[in-house]
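# Results of the structural survey
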Amino acid sequence: QVQLVESGGGLVQAGGSLRLACAASGRTFSSATMGWFRQAPGKDREFVAAITWTGIRTYYADSVKGRFTVSRDNAKMTVYLQMNTLKPEDTAVYYCAADPTNVYTSYNYWGQGTQVTVSS
């Protein structure tokens, strides 16, 4: 069992930065690939980024490549999403997820989400 709690969301102007954190509990965290997703109003949830348990391999959606960076600290049981050069279209609720059956679409555990709002 894994529990996930996101933090770090907020309101930021376009071009600004935010760092999201996802604190995990549960024995499987250190061996689990972790992912970030987002869902904007009226849209489907979409994949943002993921990182393997070693941190060696990362995955990104094309829309965030070069602007977002996913990282993790297994000792702190926390995964991060550094978001730079934010755009209004990045506005969404961001969710942390763990233990995928498919890195881009399906995870067994989800957090409650944190709101990110980017003003133009």
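Coordinates for the structure precede this section.
How each quantity is defined
- Residues numbered from 1 in each chain as written.
- Predicted model: local features only at pLDDT ≥ 70, side-chain atom pairs only at ≥ 80, totals over all residues.
- Heavy atoms only, no water.
- Salt bridge = Lys/Arg side-chain N within 4 Å of Asp/Glu carboxyl O.
- Helix = DSSP H or I, 4+ residues; strand = E, 2+ residues; numbered from the N terminus.
- Buried < 20%, exposed > 50% of the residue type's maximum accessible area, 1.4 Å probe, protein only.
- Pairing = 2+ DSSP bridges.

This part covers the pattern of salt bridges. Considering all chains together, one arrives at four salt bridges under this definition. Across the pair Arg 38 and Asp 90 runs a salt bridge, and its minimum N-O distance is 2.9 Å. With a gap of 52 residues between them, Arg 38 in strand S4 (residues 34-39) and Asp 90 in the loop between strand S8 (78-83) and strand S9 (92-102) connect regions that are remote in the sequence. Here the two residues Arg 38 and Asp 90 agree in accessibility, since each one is buried.

Our next topic: the pairing of strand S11 (residues 114-119). In S11, alternate side chains face the same way, and those of Thr 114, Val 116 and Val 118 are buried while those of Gln 115, Thr 117 and Ser 119 on the opposite face are not. Pairing of strand S2 (residues 10-13) with S11 involves four bridges; the strand directions are parallel. Among the inter-strand pairings, Leu 11 is bridged to a residue of S11, identified as Thr 117. Direction of pairing for S9 relative to S11: antiparallel, over a ladder of three bridges. Along S11, the bridge assignment pairs Val 93 with Gln 115.

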